[in-house]
Amino acid sequence: MITVSAARVDRRVLLAVLTGLMAVANLVSAIAPNFTVVLVARLAIGVSVGGFWAIAGGLAVRLVPNRHVARATAVIFGGVSTASVVGIPAGTLIGDFGG
């Protein structure tokens, strides 16, 4: 729904807005006073992440020459794996140090 409703919006702006929505929703989820707020925040996270990857997946075609599209797409989606492998343990380590 996001890709259809935002067809005329610059992709860079849309990706930045979706990233910002995800960051704000994560913050709201972390400081939520009750479970209802957590659920609404997590819903916003799901919409923003889903919208981001729906757009980012097809973005490589616009960014690089045709001969490099496969590599660029692999780099885009490789970021998810890298973030999961490196980011989650790093966040846990930082959380442990922070108490």
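Read on for an overview of the structure. Fair warning: this is a prediction, and the values are worked out from it, not measured in the lab.

1. Topic: the packing of helix α2 (residues 11-30) against helix α3 (residues 35-56)
Closest axis-to-axis distance for the α2/α3 pair is 8 Å, and the angle between their directions is 155°. As summarised for this structure, α2 and α3 are arranged roughly antiparallel, according to the angle between their axes. Note on packing geometry: the crossing formed by α2 with α3 is left-handed. For the pair α2 and α3, contact is made by Arg11, Leu14, Leu15, Leu18, Thr19, Leu21, Met22, Ala25, Asn26, Val28 and Ser29 and by Val37, Val38, Ala41, Arg42, Ala44, Ile45, Ser48, Val49, Gly51, Phe52, Ile55 and Ala56, respectively. Residue composition of the contact of α2 with α3, grouped by class: 16 nonpolar, 5 polar and 2 charged.

2. Some points on the packing of aromatic side chains
Enumeration over the complete set of coordinates arrives at 2 aromatic pairs. Taken together, a centroid distance of 5.2 Å and an interplanar angle of 80° make the contact between Phe52 and Trp53 edge-to-face. Residue classification places Phe52 among the partly exposed residues on the basis of a relative accessible area of 22%. Here Trp53 falls in the partly exposed class, since its relative accessible area comes to 28%. With 5.6 Å between their ring centres and 25° between their planes, Trp53 and Phe77 make a pair best called stacked. Here Phe77 lies in helix α5 (residues 69-98) and Trp53 lies in helix α3, a separation of 24 residues in the sequence. Take Phe77: its relative accessible area is 38%, and that puts it in the partly exposed class. Each member of the aromatic cluster is reached from another via a ring pair, and the members are Phe52, Trp53 and Phe77.

Conventions we followed
Residues numbered from 1 in each chain as written. Predicted model: local features only at pLDDT ≥ 70, side-chain atom pairs only at ≥ 80, totals over all residues. Heavy atoms only, no water. Axes fitted to C-alpha atoms, helices over the stretch in contact; angles between N-to-C directions. Helix = DSSP H or I, 4+ residues; strand = E, 2+ residues; numbered from the N terminus. Parallel < 35°, antiparallel > 145°, perpendicular 65-115°, else oblique. Left-handed = near helix turned anticlockwise from the far one by under 90°. Contact = heavy atoms within 4.5 Å. Nonpolar A, V, L, I, M, F, W, Y, C, P; charged D, E, K, R; others polar. Phe/Tyr/Trp six-rings, centres within 6.5 Å; stacked < 30°, edge-to-face > 60°. Buried < 20%, exposed > 50% of the residue type's maximum accessible area, 1.4 Å probe, protein only.

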